[in-house]
Amino acid sequence: QVQLVESGGGMVQVGGSLTLSCAATGGTFTNYYINWFRQAPGKEREFVSGISWTGRITDFGDSVKGRFTVSRDIGMAYLQMNSLKPEDTAIYFCAASRGGGRCIVANECHYWGQGTQVTISS
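Described below are features of the structure shown in this document. For clarity, every value in this text was computed on a predicted model and none was experimentally measured.

**Points about the sheet that holds strand 7 (residues 68–73)**
- An order of 1-3-8-7 is seen for the four strands of this open sheet, with the pairing classed as antiparallel. Strand pairing shows two members of the sheet lacking a second neighbour, strand 1 (3–7) and strand 7, which therefore form its edges. Between one strand and the next, the sheet's axes are offset by a mean angle of 15°, whatever the strand orientation.
- With six bridges joining them, strand 3 (residues 18–25) and strand 8 (residues 76–81) adopt antiparallel strand pairing. The residue of strand 8 that forms the bridge with T19 is Q80.

**What to know about the state of the cysteines**
- On inspection of all chains with the given rule, the structure shows two disulfides.
- The disulfide partner of C22 is C94, and the gap between their sulfur atoms is 2.1 Å. With the S-S bond torsion at 75°, the cross-link from C22 to C94 turns out right-handed. One end of the pair, C22, is in strand 3; the other, C94, is in strand 9 (residues 90–96), and 72 residues separate them in sequence.
- Residue classification places C22 among the buried residues on the basis of a relative accessible area of 0%.
- Disulfide pairing is shown between C103 and C109; the S-S distance is 2.1 Å. Judged by the torsion about the S-S bond (105°), the C103/C109 disulfide is right-handed. Just as C103 is buried, C109 falls in that class too.
- With cysteine numbering restricted to those in disulfides and following the sequence, the chain has the pairing 1-2, 3-4.

**Considerations on the environment of S71**
- One can find S71 in strand 7.
- Residue class for S71 comes out partly exposed when judged on its relative accessible area of 34%.
- When the C-alpha atoms of S71 and R56 are compared, they prove to be 9.4 Å apart, with 15 residues separating the residues in sequence.
- Apart from residues no more than four positions distant in its own chain, S71 is found in contact with I51, A77 and Y78.

**So, the nonpolar core**
- Ranked by internal contacts, the top residues of the largest apolar core, which has 27 residues, are L4, L20, W36, F68, L79, M81 and Y92.
- Contributions of two or more residues to this core are made by strand 3, strand 4 (34–39), strand 5 (46–51), strand 7, strand 8, strand 9 and strand 11 (116–121).
- Ranked by size, the runner-up nonpolar core spans five residues in total, among them F37, A95, C103 and C109.

**Concerning unusual backbone geometry**
- If you check the backbone angles, S83 has positive phi at about 50° while not being a glycine.
- By the element assignment, S83 lies in the loop between strand 8 and strand 9.

**Points about the pattern of salt bridges**
- The final tally for this structure, using the stated rule, is five salt bridges.
- Put simply, E46 and R38 hold a salt bridge, and the shortest N to O gap is 2.8 Å.
- Judged by relative accessible area, R38 falls into the buried class, the value being 5%.

Definitions and cut-offs
- Residues numbered from 1 in each chain as written.
- Predicted model: local features only at pLDDT ≥ 70, side-chain atom pairs only at ≥ 80, totals over all residues.
- Heavy atoms only, no water.
- Pairing = 2+ DSSP bridges.
- Helix = DSSP H or I, 4+ residues; strand = E, 2+ residues; numbered from the N terminus.
- Axes fitted to C-alpha atoms, helices over the stretch in contact; angles between N-to-C directions.
- Disulfide = S-S within 2.5 Å.
- Buried < 20%, exposed > 50% of the residue type's maximum accessible area, 1.4 Å probe, protein only.
- Contact = heavy atoms within 4.5 Å.
- Core = buried A, V, L, I, M, F, W, Y, C linked by side-chain atoms within 4.5 Å.
- Salt bridge = Lys/Arg side-chain N within 4 Å of Asp/Glu carboxyl O.

Following this line, the structure appears as structure tokens:
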């Protein structure tokens, strides 16, 4: 079973940058599509980004296109967040589906990390 652990959250000012990491153990992580979601207080979990196991295919939610990038390495995935806005404040999760494919809807993902808090101060 895949286990995911996020890190790198924190507080930054508007316009700043932050890089989140997702460490994976168990399963065949190298073959999994890795997805990033976020959840702000009182809101539903929102798809942010995803990356295929080769790194050649990436997805981004409309609200982060052009500002966020995603990458991966052996056992790790990264979310680089630039030009941060107050509305980016949320808990950020990495996730994967049991079959290893894309899951851009939260209930299609089966493995979740515990989340890392990102707060953007104005």
